[in-house]
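Tertiary structure, described
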Amino acid sequence: MTWTANSCFVTLAILFLWRVEEIAEACSCSPAHPQQAFCNSDVVIRAKLVGEHEVAVGNDIYGNPIKRIKYDIKQIKMFKGPNQDIDAIYTAPSSAVCGVTLETSGKEYLVTGKIETDGTMHVTLCDFIEPWEATSATQKKGLTQRYEMGCDCKITRCTSIPCMISSPKECLWTDWVIEKLVLGEQAKHFACIKRSDDSCAWYRGSAPPKKDFLDIEDP
C-alpha cells in the first residue's frame, strides 16, 4: 500500500471514530413525569432568565475548547438544592448534544438540573424545564411537598397496551397511551405518593393526603 493510500486510510479512520463519538454523545432520553424529574435532580428552582452568552469551560482530549451556553438567572425560589442561591445555569450549545434553548427576556421557568463538581448548575433536554406560567396548581403543590413524599415510589411509563406494574410500589403513567401526550392529566394533576402500607398510588386533591388515604382517586 502506497504512502498516499495509507494516509487516506488513516484520515478516514480518524473521521469514522470522530463520527462514532459524535453519535454516541447525541442526545437521547426517555420522557419523565415531573415528580421523577424532581426526585432525580440535584436542584429544582423557579428562576427568571436575564442574560445569555457563550463561555469556554475547558478543553476536550484533543485540546479544543469546550463551549457552553451560560444563562444568567435571578433565583426566585429554590424547592430543592444547595444552601446557596443559583445565579447561572449552563447547557450545551446544541440540541444535538442535549443543549437547551430558553428565552432570556425576563421569562420565568421551573428548572430542574444537576450540580457539577465545581458547584455550577447544568441542564439538558432530559431535564424538566417548563415556563412557570404553564405549570399547573398541582405541580406547584408537588414542588413544595408531595413529590418528595413519593420519591421512594417508581413511576412506570406505559407506551403501549397492554401495560402493567410489577410492584405495589409503582404507579402506572398512562398519559401517552390515553392522550398521546407526554404531559397529560397525570403529569399535570397527579402525584405518586407512598401510603401507610408502603404501597404507592396516584393522588389528586387540593388538601394534603391523609396518612392512610385510599387510592379512590386513581385515574
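Residues numbered from 1 in each chain as written. Predicted model: local features only at pLDDT ≥ 70, side-chain atom pairs only at ≥ 80, totals over all residues. Heavy atoms only, no water.

1. Focus on the overall build of the protein
For the protein, the helix and strand inventory stands at five helices and ten strands. Every one of the 219 residues in the protein was classed for burial, and the buried ones make up 36%. Counted over contacts in the protein with a minimum sequence separation of 6, partners at least 24 positions apart contribute 55%. For the protein, the accessible surface area stands at approximately 13,000 Å², while carbon and sulfur atoms represent 54% of it. (Helix = DSSP H or I, 4+ residues; strand = E, 2+ residues; numbered from the N terminus. Buried < 20%, exposed > 50% of the residue type's maximum accessible area, 1.4 Å probe, protein only. Contact = heavy atoms within 4.5 Å. Areas by Shrake-Rupley, 256 points an atom, 1.4 Å probe, with all protein chains shown as cover.)

2. So, the layout of surface pockets
In this structure, the second largest pocket occupies an estimated 230 Å³ of space. If you trace the second largest pocket, you find it lined by Cys29, Ser30, Pro31, Ala32, Leu125, Cys126, Asp127, Phe128, Ile129, Glu130, Val182 and Leu183. Partitioned by chemical class, the residues of the lining of the second largest pocket number nine nonpolar, one polar and two charged. (1 Å grid on protein atoms, 1.4 Å probe; cavity = no way out; pocket = protein on both sides within 12 Å on 5 of 7 lines; lining within 4 Å. Points joined across faces, edges and corners; volume = space filled by probe spheres on them. Nonpolar A, V, L, I, M, F, W, Y, C, P; charged D, E, K, R; others polar.)

3. A look at the pairing of strand 1 (residues 43–59)
Summarising the sheet, strand 1 and strand 4 (residues 108–115) pair through six bridges and their orientation is antiparallel. Looking across to strand 4, one finds that Val43 is bridged to Gly113. As defined by bridge partners, strand 1 adjoins strand 2 (residues 65–80) across 13 bridges and the pair is classed as antiparallel. Bridging from a neighbouring strand, Ala47 pairs with Gln75 of strand 2. Where strand 1 hands over to strand 2, the hairpin turn is made up of five residues, of which Gly63 adopts a positive phi near 90°. (Pairing = 2+ DSSP bridges.)

4. Here's the deal with the UniProt feature "site: Involved in metalloproteinase-binding" (unreviewed entry) in the protein
UniProt's entry tags Asn40 and Lys67 with the feature "site: Involved in metalloproteinase-binding" (unreviewed entry), counted in the numbering of this structure. Within the secondary structure, Asn40 is located in helix 2 (residues 34–40). Apart from residues lying up to four places away in sequence, Lys67 is in contact with Glu54, Val55, Ala56 and Pro93. (UniProt positions renumbered as here; feature names shortened; annotations may be inferred.)

5. What about helix 3 (residues 137–149)?
Helix length check: helix 3 (13 residues) gives 17 Å between terminal C-alpha atoms against 18 Å at 1.5 Å per residue, within 8%. The sharpest bend along helix 3 measures roughly 75° and falls at Leu143. Among all positions in helix 3, only Thr138, Gln139, Gly142, Leu143, Arg146 and Tyr147 are buried. (Expected span 1.5 Å × (residues − 1). Bend = angle between axes of the 7 residues up to and from the residue.)

6. Points about the packing of aromatic side chains
Across all of its chains, the model carries three aromatic pairs by this definition. Between Phe38 and Tyr147, the ring centres sit 6.1 Å apart and the planes meet at 55°, which makes this aromatic pair tilted. With Phe38 in helix 2 and Tyr147 in helix 3, this residue pair connects regions lying 109 residues apart in the sequence. Tyr147 carries the same exposure label as Phe38, and that label is buried. Consider the rings of Phe79 and Trp132, whose centres lie 6.1 Å apart with planes at 15°: the pair is stacked. Placement of Phe79 in strand 2 and of Trp132 in the loop between strand 6 (129–131) and helix 3 is noted, with a sequence separation of 53 residues between them. Each member of the pair, Phe79 together with Trp132, is buried. In this structure, Lys80 is placed above the aromatic ring of Phe38, and the distance from its NZ or CZ to the ring centre is 5.3 Å. The ring of Trp132 is capped by Lys140, whose NZ or CZ atom sits 4.9 Å from the centre of that ring. (Phe/Tyr/Trp six-rings, centres within 6.5 Å; stacked < 30°, edge-to-face > 60°. Lys NZ or Arg CZ within 6 Å of the ring centre and 35° of its normal.)

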